[in-house]
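For reference, the chains in residue letters:
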Amino acid sequence: MTRYLLGRIGQAVVVLAVTFTAAFLLLQVLPGDAIMIKFMSPEMGLSADQIAEIRASYGVDRPLWEQYFRTVGNFLVGNFGYSIQAGVPVSHQLAVNLPPTLLLASLGFLAAIVLTVILATLSNLAGMKWLRAALQSLPSLFISVPVFWLGIMLIQIFSFQLGLVSVISPGPVERLILPVATLAIPISAPLSQILMRNIDEVLTQPFVAVARAKGASHIWVLARHVARNALLPTLTIAGVLFGELLAGAVVTEAVYGLNGLGGLTYQAVGNHDTAVLQAIVVISALAFVTINLIVDLLYPVLDPRLGSKLGATT
Amino acid sequence: MSSRETGGTNLDVLEPRGRQVLRFGWATRLRHLPPGLAASWCLVLVVMLWAAAPDLFTGYSGTEGVPGEQLRAPSEEHILGTDGLGRDLYARIVYGARYSLTGAFVAVAVGFVFGTLLGLVAGARGGWLDAAIMRLVDSMLAVPSLLLSLSIIVLLGFGTINVAIAVGAVAIARFARLARSEVVRVRRSDYVEAAFGSGGTFWAVLRRHVLPNSLTSVIALAALQFGSAILAISTLGFLGYGAPPPTPEWGLLIAEGRNYLSRAWWLTAAPGVVVVLVVLAADRISKSIQRTAP
């Protein structure tokens, strides 16, 4: 077990190191000198000496390997460099922009889970066959909807047509309703696809037949016997969904004009502010790797069948 | 293709799995086509025709408006109405198909070619090369796809083709992973071992036996990625990283329609519905290909 643990952590560290190096090469080395691009323009009226001074203050006049190792060291202590456009430390920008995005993403994820459970339950309980089929095909539809378009359509329907959610000076809760819904719908799609498949699989298990034979109703079987067994494997894609969640948050923030990581990313791309982008890329990779590591390590704890080598096989 | 699939068909004889439909002629198969799948193929065909010959489908220009016909509601003259500059929306969607489809094709081609190649080499060679390639793939998957695309766009600059390449680069990791697992599966089969045993060289066995037998799932993924590429390209177009404004790219149409949301909601709704339908069709086709995979 210790060996597995160490191996798994080592793998995660390797993935992070590769991501960091690739991001460094892709965003700092290949695009050329961002400082030259900003300060070389004639309007700035800077002399060659002054530019050299600025370059030295950013440390880009040093050899590449030296820059690389200094960047590694800086990242390890939480110093992500300076945003060249805004002129403030990237860590400050992140400190301001991360909390709202985290709030939006976690609310979106929670809403997605609720929506998934409702969808999966209804698609199993609905009386009419056509209704069940319709509910089962909903996730495919959700996955095919562009997030930004969904956001605009929700504004159109709920704010402009029905007037349910105010767009002009909304309250703190009202402001988040539509963005959370926009984020939750596409995230719920892969979740419910997997949950529906798992429920179908678990329903064929012998213990379900036993429970039925003892006279349990369908709802009882679903709630008491199937839910736990079907929900657990759904957890494994939580890590994969993190990327979707973050990307969805970026687009959602752009649509609703919310402040957050999305706006920061959007500006960084527009301004070629590679230091900001590199920090965001590396941090999201760190989050992705960590979540997957936790899921992998937690899974045998939650499902004891996986921990023991001699357990019953399905 | 069929002559190379001897290994695959032999396996079929050994384990019949209710795939007898495949033995009938194409006419029978066409009649047994599920209606949803048939509709999906029709839709994709129509959109491809839009891209190939847009002037056959509409008399209006995709980029030039008619003065005095701004913001008309959908009518007989303009099926989907006109936008703020008097341009027919249906014509713009038809002309825009070219940008969205070309982009999606480039993206899928980039992902398919590089990803399959990487996965093929990793799965067939094994050892340290396999480990190195797969760690690279892992780290590509660790970065959210949108962020990865944006990083590549920062590097390459804006524009339709650059956006397509950025979207395709994201797909490389997915193709590589699938291709590798398929190759590893096929490699373990007896006929590949026999081919190596009877003196086949590495690349010859790869080309004649491993590749054809691992390709079906990869092609299904390509169909699926085609849909996701259209989604991703429209997202990047909406954010303004794709083709510049007069271009009727679908994501850009939605972005422009948004400015008239309260007065003319159909300007936003219609292009979005087209995107959803195309992506749904690609998803449906991908599933049908996946079902024929061994």
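Residues numbered from 1 in each chain as written. Chains lettered and ligands numbered in written order. Predicted model: local features only at pLDDT ≥ 70, side-chain atom pairs only at ≥ 80, totals over all residues. Heavy atoms only, no water.

1. A word on the overall build of chain A
Line of reasoning, step 1. A tally of helices and strands in chain A yields 14 helices and 0 strands.
Line of reasoning, step 2. Listed N to C, the secondary structure of chain A is α-α-α-α-α-α-α-α-α-α-α-α-α-α in terms of helices and strands.
Line of reasoning, step 3. Buried residues in chain A amount to 41% of all 314 residues.
Line of reasoning, step 4. Looking at chain A alone, contacts between residues at least 24 apart form 72% of all its contacts between residues at least 6 apart.
Line of reasoning, step 5. With the model as given, the accessible surface of chain A reaches about 16,600 Å², and the carbon-plus-sulfur share is 68%. (Helix = DSSP H or I, 4+ residues; strand = E, 2+ residues; numbered from the N terminus. Buried < 20%, exposed > 50% of the residue type's maximum accessible area, 1.4 Å probe, protein only. Contact = heavy atoms within 4.5 Å. Areas by Shrake-Rupley, 256 points an atom, 1.4 Å probe, with all protein chains shown as cover.)

2. Remarks on the overall build of chain B
Line of reasoning, step 1. A tally of helices and strands in chain B yields 11 helices and 0 strands.
Line of reasoning, step 2. The order of helices and strands in chain B, counted from the N terminus, is α-α-α-α-α-α-α-α-α-α-α.
Line of reasoning, step 3. Taken over 294 residues, chain B has a buried fraction of 51%.
Line of reasoning, step 4. Taking the contacts inside chain B whose residues are at least 6 apart along the sequence as the reference set, 72% of them involve residues at least 24 apart.
Line of reasoning, step 5. With an accessible surface of roughly 13,800 Å², chain B has 64% of that area assigned to carbon and sulfur atoms.

3. Comments concerning the interface of chain B and chain A
Line of reasoning, step 1. Counting from both sides, the interface comprises 38 residues of chain B and, opposite them, 42 residues of chain A.
Line of reasoning, step 2. In total, chain B and chain A occlude about 3,500 Å² of area from one another, counting both sides; carbon and sulfur atoms represent 79% of this.
Line of reasoning, step 3. Linking chain B to chain A there are 0 salt bridges.
Line of reasoning, step 4. Scanning the region where chain B abuts chain A turns up 2 residue pairs in polar contact (both at pLDDT 80 or more).
Line of reasoning, step 5. If you list the elements that add at least two residues to the side of chain B that touches chain A, you get helix H5 (127–142), helix H6 (145–156), helix H9 (202–238), helix H10 (250–257) and helix H11 (266–292) of chain B.
Line of reasoning, step 6. Counting residues per element, the side of chain B that touches chain A draws most heavily on H11(B), which supplies 10 residues. (Buried area = accessible area lost by both parts, 1.4 Å probe. Salt bridge = Lys/Arg side-chain N within 4 Å of Asp/Glu carboxyl O. Polar contact = N/O pair within 3.5 Å; in protein donor to acceptor, adjacent residues only side chain to side chain.)

4. A look at the nonpolar core
Line of reasoning, step 1. Judged by nonpolar contacts, the single largest core of 132 residues is most densely connected at A:Val226, B:Ile230 and B:Trp250.
Line of reasoning, step 2. When residues in this core are grouped by element, the largest group, 15 residues, is from helix H8 (residues 174–203) of chain A.
Line of reasoning, step 3. Once residues within four sequence positions are removed from consideration, B:Ile230 is found in contact with B:Ser100, B:Leu101, B:Ala104, B:Trp250, B:Val275, B:Val278 and B:Val279.
Line of reasoning, step 4. Core analysis: the next-biggest nonpolar cluster, separate from the first, contains 10 residues, B:Ala124, B:Val192, B:Val205 and B:Val210 among them. (Core = buried A, V, L, I, M, F, W, Y, C linked by side-chain atoms within 4.5 Å.)

5. Things to note about the environment of A:Ser106
All names here are of chain A.
Line of reasoning, step 1. Structurally, Ser106 can be placed in helix H5 (residues 90–125).
Line of reasoning, step 2. On the accessibility criterion, Ser106 (39% relative accessible area) is partly exposed.
Line of reasoning, step 3. With 139 residues separating them along the chain, Ser106 and Leu245 place their C-alpha atoms 8.8 Å apart.

6. Here's the deal with the pattern of salt bridges
Residue and element names in this part refer to chain B.
Line of reasoning, step 1. One pass over the structure, following the stated rule, counts 3 salt bridges over all chains.
Line of reasoning, step 2. Note that Asp130 is salt-bridged to Arg180, the shortest N-O span being 2.7 Å. Residue Asp130 is found in helix H5, and its partner Arg180 is found in helix H7 (residues 160–187); the two are separated by 50 residues along the sequence.
Line of reasoning, step 3. Residue class for Arg180 comes out partly exposed when judged on its relative accessible area of 24%.
Line of reasoning, step 4. Note that Asp138 is salt-bridged to Arg135, the shortest N-O span being 3.1 Å. Of the two residues, Asp138 and Arg135 both sit in helix H5, 3 residues apart, roughly one turn of that helix.
Line of reasoning, step 5. For Asp138, a relative accessible area of 12% corresponds to the buried category.

7. Things to note about the confidence of the model for chain A
Line of reasoning, step 1. Of all residues in chain A, 83% attain a pLDDT of 70 or more, and the chain-wide mean is 77.
Line of reasoning, step 2. This model gives residues 310–314 of chain A a pLDDT under 50, and the stretch forms 1 contact once residues within four places in sequence are excluded. (pLDDT = per-residue confidence, 0-100.)

8. Regarding the environment of B:Val186
Residues and elements named next belong to chain B.
Line of reasoning, step 1. If you trace the backbone, Val186 turns up in helix H7.
Line of reasoning, step 2. Val186 gets classed as buried once you look at its relative accessible area, which sits at 2%.
Line of reasoning, step 3. Sequence-wise, Val186 and His209 are 23 residues apart; in three dimensions their C-alpha atoms are separated by 8.5 Å.
Line of reasoning, step 4. If we ignore the near neighbours within four places in the chain, the residues touching Val186 are Tyr191, Val192, His209, Val210, Asn213 and Ser214.

9. A closer look at the packing of aromatic side chains
Line of reasoning, step 1. Inspection of every chain in the model, using the stated rule, returns 5 aromatic pairs over all chains.
Line of reasoning, step 2. Aromatic pair A:Phe148 and B:Phe238: ring centres 4.4 Å apart, planes at 20 degrees, arrangement stacked. Remark: B:Phe238 occurs in helix H9 and A:Phe148 occurs in helix H7 (residues 147–161); the pair is interchain, linking two chains. Each of the two residues, A:Phe148 as well as B:Phe238, counts as buried.
Line of reasoning, step 3. For the ring pair B:Phe158 and B:Tyr241, a centre distance of 5.2 Å and an interplane angle of 50 degrees mean the geometry is tilted. Taken together, the residues B:Phe158 in the loop between H6 and H7 and B:Tyr241 in the loop between H9 and H10 connect sequence positions 83 residues apart.
Line of reasoning, step 4. By relative accessible area, B:Phe158 is classed as partly exposed at 39%.
Line of reasoning, step 5. An aromatic cluster is defined as three or more aromatic residues linked by ring pairs; in this entry it consists of A:Tyr266, B:Phe158 and B:Tyr241. (Phe/Tyr/Trp six-rings, centres within 6.5 Å; stacked < 30°, edge-to-face > 60°.)

10. What to know about helix H4 (residues 64–76) of chain A
Residue and element names in this part refer to chain A.
Line of reasoning, step 1. The terminal C-alpha atoms of H4, which comprises 13 residues, lie 18 Å apart, in line with the 18 Å expected from a rise of 1.5 Å per residue.
Line of reasoning, step 2. Of all the positions in H4, only Gln67, Thr71 and Phe75 are classed as buried. Within H4, the buried residues cover an arc of 65 degrees as seen down the axis, which keeps them to one side. Facing away from the buried side of H4 by more than 90 degrees, the exposed set consists of Trp65, Phe69 and Leu76. (Expected span 1.5 Å × (residues − 1). Arc of directions from axis to C-beta.)

11. Quick look at the side chain of A:Thr19
Line of reasoning, step 1. Within the secondary structure, A:Thr19 sits in helix H1 (residues 2–29).
Line of reasoning, step 2. If sequence neighbours within four positions are ignored, A:Thr19 has contacts with A:Ala285, B:Ser139 and B:Val143.

12. Focus on the confidence of the model for chain B
All names here are of chain B.
Line of reasoning, step 1. Summing up the model confidence of chain B, the mean pLDDT is 76 and the portion of residues at 70 or higher is 80%.
Line of reasoning, step 2. When pLDDT is averaged over each element of chain B, H7 comes out on top at 85 and helix H1 (residues 6–14) at the bottom at 39.
Line of reasoning, step 3. Below pLDDT 50 for its whole length, residues 1–21 participates in 11 contacts with residues either more than four positions away or in separate chains.
Line of reasoning, step 4. Across the predicted assembly, pTM comes out at 0.77 and ipTM at 0.77.

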